Amino acid sequence: MSEFESLVDTHYEALYRFGMSLSKSGDTAADLVQQTFCIWAQKGHQLKERDKAKTWLFTTLHREFLAHARKSKRYSDEELTEAVAGRICAEDDDTERQMDGQRALELLGELDETFRSPLALFYLQQHSYKEIAEILDVPIGTVMSRISRAKEMLRRRMTAEPSSAPKNILQLQPEALKSHHG
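Residues numbered from 1 in each chain as written. Predicted model: local features only at pLDDT ≥ 70, side-chain atom pairs only at ≥ 80, totals over all residues. Heavy atoms only, no water.

Participant: Mind showing me how you'd approach the environment of Val8 here?
Facilitator: The topology assignment puts Val8 in helix 1 (residues 3–23). Considered as a pair, Val8 and Val33 are 25 residues apart in the sequence and their alpha carbons are 9.6 Å apart. (Helix = DSSP H or I, 4+ residues; strand = E, 2+ residues; numbered from the N terminus.)

Participant: Is there a simple way to think about the pattern of salt bridges in this case?
Facilitator: Where charged atoms from two side chains of opposite charge come close, those side chains can pair. By the definition in use, this model includes 6 salt bridges. Of the charged contacts in the structure, one is a salt bridge between Glu13 and Arg17, with a shortest N-O distance of 3.0 Å. One end of the pair is Glu13 and the other is Arg17, both in helix 1 and 4 residues apart, which spans about a single turn. For Arg17, a relative accessible area of 36% corresponds to the partly exposed category. Three or more residues are tied together by salt bridges with common partners; here these are Glu152, Arg155 and Arg156. (Salt bridge = Lys/Arg side-chain N within 4 Å of Asp/Glu carboxyl O. Buried < 20%, exposed > 50% of the residue type's maximum accessible area, 1.4 Å probe, protein only.)

Participant: Sorry, what's going on with helix 1 here?
Facilitator: Residues lying three or four places apart along an α-helix face the same way, a consequence of the helix completing one turn every 3.6 residues. Taking 1.5 Å of rise per residue, 21 residues should cover 30 Å, and helix 1 covers 28 Å from first to last C-alpha, within 8% of that figure. His11 marks the point of greatest bend in helix 1, at about 50 degrees. Taken from the residues just after helix 1, Lys24 is the one with a positive phi, measuring 60 degrees. (Expected span 1.5 Å × (residues − 1). Bend = angle between axes of the 7 residues up to and from the residue.)

Participant: Honestly, the side chain of Thr28 in this entry has me stumped. Any pointers?
Facilitator: Residue placement: Thr28 occurs in helix 2 (residues 26–43). With a relative accessible area of 16%, Thr28 lands in the buried category. For Thr28, the contacting residues outside a window of four places in its chain are Ser23 and His68. (Contact = heavy atoms within 4.5 Å.)

In structure tokens form, the structure reads like this:
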């Protein structure tokens, strides 16, 4: 197995999960990972310290995501039709949640990228503060502050509307049922 194949086998899944946490799209996440490995194939030989490959890959994926996000803000790939508008509205109304973990991931996806990235790298990818600082190219204190603020934002949103809270409860009054069936 070549070094490149070993690198892909070792890091593909984690990079894909990070791409998903950033983009909220499987297709985009896959594209980001593919682009990251393409860049590695072109420039990876320049990395002097091979033990830094993981950090380099995550940094590259994050930069590719930012470039993709900037481009997406300027150009939309999708024509705005009634179906698209309906889907966007349906996504806003989607409050049915199975577990608190799923709700936390949903809320994580709603956070601004500034807070979402460090939190995802820390909790979902188990990177250290130092590694996150290198990946995002920010001081370690900034990483710690953003993670702390992101956790507080998630905590507030989780307690404001917990996933276990039922929606659209109908209040049944047994007396009313008896009068209709009696």
